Amino acid sequence: MVPLDRPTDEELTRRAQAGESGALGLLLTRHQAPMRAVALSLLGHGPDAEDAVQDAALTALRRIGDVRDPAAVGAWLRAIVRNASRMRLRAVRELPGLDVLEQVYVRDDGPSHPERVVEQHAMRDWIWDAVEELPPQQRLVLMLRHFSGITSYQEIAEACEVPVGTVRSRLSQARAKMAQVLLSTAAGGHDDATALTEDSRQEAEVTLDGAMRGQLPVEILELWPEETELVGVLNKDGGRCHPFPAMRSTRDKGVTQHLRHVVASRDIAIWEMEAVTPAGIANPCPPTLAWLMFRQDGRVRKLRVVFPGAGDGSGGAQQLS
């Protein structure tokens, strides 16, 4: 007999569909054992079975609104695990389970806004809190792959200055950690992810405007303290270098940068730009670039500028300075 104070599957499903992330967490915890049993029956003991369950948890987060019979949510969850396990057996998916993150990534110029789907269920902040729990190296590759326009393994490897195999490994670890954290943080409070990105967008617009005019306002100067380092291929000498000289060099060449997309967590921000170089300029800037910023206490600690798709193995970053 179900205790009176214990919500039924139907109640929890309807609450989850209404946007209560804690209700979904309870559902996944309640059905974790039968979900795992399905995975084990198809994949046997080993990491693949655990991965299939984690994939199913992430898929459930995205698709909970599709459940037509809330009382039968257990069967629905087991079916998702079964599908995830069969896809692993066929090995046709590169990163199963992370499709939930694609629902959070929104291009400003896109024809549709999948972000609204997540926001309707009040789960976007929950997902971003899970992203924040990842170690910085895993968080960066995840943000690039699923929240930015830098999506290929090769581009991510160049942006992070690591081998492609390391990118694959970090993404796999991030996916597993995401599933665990989403479950463990389901009932907690969450930061406003939209506000973080909007604040970063405003910082980007003011920074670009000030850099073009050669005068940054005080509040933006505080964002770029003397300790800020420019790292990566833009820093040709390899010594300690502040980003401002590179900004001035870009302005002096007449290159303009237009903000295209912003994604931000508490200590990592990615500003994607389109660059326009005046005609007749030797060694022109590639048309797309991204600023990868690593922050501490609200200030930029390191900046790496990358040029996805430049096709020269170094991201073409040397062409800016």
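Relevant structure appears above.
Residues numbered from 1 in each chain as written. Predicted model: local features only at pLDDT ≥ 70, side-chain atom pairs only at ≥ 80, totals over all residues. Heavy atoms only, no water.

S.K.: Help me get a handle on the packing of helix α3 (residues 32-43) against helix α4 (residues 47-63), residues and values and all.
M.R.: Look at α3 against α4: their axes get within 9 Å of each other, and the N-to-C directions meet at 135 degrees. In terms of orientation, α3 lies oblique with respect to α4. Helix-helix and strand crossings are classified by hand; for α3 and α4 the assignment is right-handed. Residues Met35, Arg36, Ala39, Leu40 and Leu43 of α3 touch α4, and the partners they reach there are Asp48, Ala49, Glu50, Ala52, Val53 and Ala56. Residue composition of the contact of α3 with α4, grouped by class: 8 nonpolar, no polar and 3 charged. (Axes fitted to C-alpha atoms, helices over the stretch in contact; angles between N-to-C directions. Helix = DSSP H or I, 4+ residues; strand = E, 2+ residues; numbered from the N terminus. Parallel < 35°, antiparallel > 145°, perpendicular 65-115°, else oblique. Left-handed = near helix turned anticlockwise from the far one by under 90°. Contact = heavy atoms within 4.5 Å. Nonpolar A, V, L, I, M, F, W, Y, C, P; charged D, E, K, R; others polar.)

S.K.: Give a description of empty space enclosed by the protein that names residues and reports values.
M.R.: Tallying each qualifying case throughout the model produces 4 cavities of 30 Å³ or more. By volume, the largest cavity is sized at about 170 Å³. Residue lining of the largest cavity: 17 residues in total, with Ala246, Met247, Thr250, Gln257 and Trp291 positioned closest to the centre. If one sorts the elements of the lining of the largest cavity by residue count, helix α14 (residues 244-252) sits on top with 4 residues. (1 Å grid on protein atoms, 1.4 Å probe; cavity = no way out; pocket = protein on both sides within 12 Å on 5 of 7 lines; lining within 4 Å. Points joined across faces, edges and corners; volume = space filled by probe spheres on them.)

S.K.: Give me the lowdown on the packing of helix α9 (residues 136-147) against helix α10 (residues 153-160), citing residues and values where you can.
M.R.: Contact pair α9 / α10: the axes reach a minimum separation of 10 Å and the direction vectors enclose 140 degrees. Viewed along their axes, α9 and α10 adopt a mutual orientation that is oblique. Note on packing geometry: the crossing formed by α9 with α10 is right-handed. Where α9 approaches α10, its residues Leu140, Val141, Leu144 and Arg145 are matched on the opposing element by Tyr153, Ile156, Ala159 and Cys160.

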